[in-house]
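Descriptive analysis of the structure
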Amino acid sequence: MNWLNWLDQFIEVLVALAAAPLLLGWVNMCRAWLQNRSAPSLLQPYRGIRKLLHKDAVLAHNASSLFRIAPYIIFGTMVAAAAMIPMLGTRLPFTAAADAIALVGLFAAARMFLSLAAMDVGTAFGTLGARREMMVGFLAEPTLLMVIFVASLMTATTALPLIAENLAAAQLAIHPSLLFTAVAFAMVMLAENARIPVDNPATHLELTMIHEAMLLEYSARHLALMEWAAALKLFNYACIGLALFVPWGLASNGDPIRLGLAIVLLAGKLAVIGAGLALIETLSAKLRVFRAPEFLATAFLLAVLGLLVRLLQVAR
Amino acid sequence: MNTIPLDLQIVNALAALLLLLSFSMLSQRRIVSLVNLLAMQGLLLTVATLMVAWRTGETHLYLSGLLTFALKVLFLPWLLHRLIRRLEVYWDTEPLLNIPGTMLVGVLIVVFAFGLAQPIAELASETTRNSIGIAVAVILLSFLMMITRSKAMSQVVGFLSMENGLFFGAMSTTRGMPMVVELGIALDILVAMLVLGVFFFQIREQFDSLDLHHLESLKEGD
């Protein structure tokens, strides 16, 4: 049933594309509720994207071709990542390529193009945002790798689908190392997706912004793609986290019923993650930019501790 | 890895959390939170002791667990909080090494401690011997804290957390020390704490501060 697998793969990408803005809308909605504001509609991100797609693009005079193709590259990278991450099934055609290290590399490529595009026009804000993004990135990446290494150590593979399968099949036990790495992963997720302790996604006019500063020169369809890619990135990170720490309920082959079940389960898990994200963002204050390395150093430390504890408690 | 019984898993998890708490102490600047973390460490220690007591069926371990609870969760934190209020020291000054730096040194120390404990752990017959590495790491991390902090208060917290590490190591590897030794240590800590409390006041009276760097020069007026 090869074509069925491909169909499932197609469905997975479609689900990711459609659900990513929905997740963002859900997080914003929860945040508004928690902060006693009247919530924007769940569909607000879609409306934003549609509005932007209907506008005419304006480019700076000195914008190079890199500036114009960057949104497509970044969006493409995120779609590729979404296809690879085992969010619905573990035995889909593309998930064979989902080596965790390759995934980290994909995200790094997207970050590089984002930063290059931000510096391309040469405005002060873009350069500033790009530099800060690189600073956050170079601290977050080793942490992400470390988190993945712990899971790899436990399952003897770096392929994300196999990690998820093995962890789901393993006997239930208390793994302090997984607990530590889960916290580390949550911190990396906050930092990488420009959420509150590191960056504020709602701000546009402050010297503290990171991600928004890089998008200032973009308009219309380019901006729409960038924002969609950002939503996809959050979605992808959430799905990596789910594959590592809550791997139950993934469909293993192309069985349509299992797949439907997996979609429902995924929606439930993501709803919980979104609410948790909103809670963290409401409870914590934005850190000064110079405190961000400290935040990420803590995440790295947690991941390393997880690794060490794992090594200690298995060696005998 | 599937053969470890649940209670041992819990002790291992508690050990890991103990290590984590040591790191959060290293990164904490507020002295009040430092004391709260110490109390939490005591609580973890109590739970771990009771778990080991239940596993091995040693009655005196229950007693020492209760002693730990009374002393390290209730009394000492209360005493420290009272001292903080009366001395009005709420913040430590910036430590000798900045905090990410301290953390990195801490990670190296943990690696060192685990390596150090490996041959010892192989001699131990108990299944909780994994905890030896963590106990050594907690002790060395508390050392690090005492070295890098300058306020007397945080150094005392480091000292107490070091004792916690020692206690955890002894408890988890040897089914607890004899009751006399344990009572002796508990009394020692208590007296040390009371004496140090008096010292704090003396130090502050002399130097108008609890910063121990003032004690480094022997003569006045340099």
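Cut-offs and rules
- Residues numbered from 1 in each chain as written.
- Chains lettered and ligands numbered in written order.
- Predicted model: local features only at pLDDT ≥ 70, side-chain atom pairs only at ≥ 80, totals over all residues.
- Heavy atoms only, no water.
- Helix = DSSP H or I, 4+ residues; strand = E, 2+ residues; numbered from the N terminus.
- Buried < 20%, exposed > 50% of the residue type's maximum accessible area, 1.4 Å probe, protein only.
- Contact = heavy atoms within 4.5 Å.
- Core = buried A, V, L, I, M, F, W, Y, C linked by side-chain atoms within 4.5 Å.
- Axes fitted to C-alpha atoms, helices over the stretch in contact; angles between N-to-C directions.
- Parallel < 35°, antiparallel > 145°, perpendicular 65-115°, else oblique.
- Nonpolar A, V, L, I, M, F, W, Y, C, P; charged D, E, K, R; others polar.
- Buried area = accessible area lost by both parts, 1.4 Å probe.
- Salt bridge = Lys/Arg side-chain N within 4 Å of Asp/Glu carboxyl O.
- Polar contact = N/O pair within 3.5 Å; in protein donor to acceptor, adjacent residues only side chain to side chain.

Residue and element names in this part refer to chain A. With respect to the helices and strands, the residue alanine 194 is situated in the loop between helix H7 (176–192) and helix H8 (211–215). On the basis of relative accessibility, which here comes to 9%, the residue alanine 194 falls in the buried class. Sequence spacing of alanine 194 and histidine 54 is 140 residues, and the spatial spacing of their C-alpha atoms is 26 Å. Those residues in contact with alanine 194 that sit more than four places away from it in its chain are Asp199, Asn200, Pro201 and His211.

Of all hydrophobic cores here, the largest spans 155 residues; its most connected members are Leu19(B) and Phe23(B). Beyond its immediate stretch of four places on either side in the chain, Phe23(B) contacts Leu301(A), Leu305(A), Met103(B), Gly106(B), Val107(B), Val110(B) and Leu141(B).

The geometry of a pair of packed helices is captured by two quantities: the angle between their axes and the separation between those axes. Residue and element names in this part refer to chain B. Running from N to C, helix H3 (residues 59–87) and helix H7 (residues 179–207) point in directions that differ by 0 degrees, and their axes come no closer than 11 Å. In terms of axis orientation, H3 runs roughly parallel to H7. Along the contact surface, H3 presents His60, Leu63, Ser64, Leu67, Leu71, Phe75, Leu76, Leu79, Leu80, Leu83, Arg86 and Leu87, while H7 presents Met179, Glu182, Leu183, Ala186, Ile189, Leu190, Met193, Leu194, Gly197, Phe200, Phe201 and Arg204. In terms of residue class, the contact of H3 with H7 is made up of 18 nonpolar, three polar and three charged.

This brings us to the interface of chain A and chain B. Taken residue by residue, the interface counts 22 residues in chain A and 25 residues in chain B. Carbon and sulfur atoms supply 71% of the area buried between chain A and chain B, which totals about 2200 Å² over both sides. Here chain A is connected to chain B by zero salt bridges. Our count for the contact surface shared by chain A and chain B stands at zero residue pairs in polar contact (both at pLDDT 80 or more). At the level of secondary structure, the elements contributing two or more residues to the side of chain A that touches chain B comprise H7 and helix H11 (292–314) of chain A. If one sorts the elements of the side of chain A that touches chain B by residue count, H11(A) sits on top with 12 residues.

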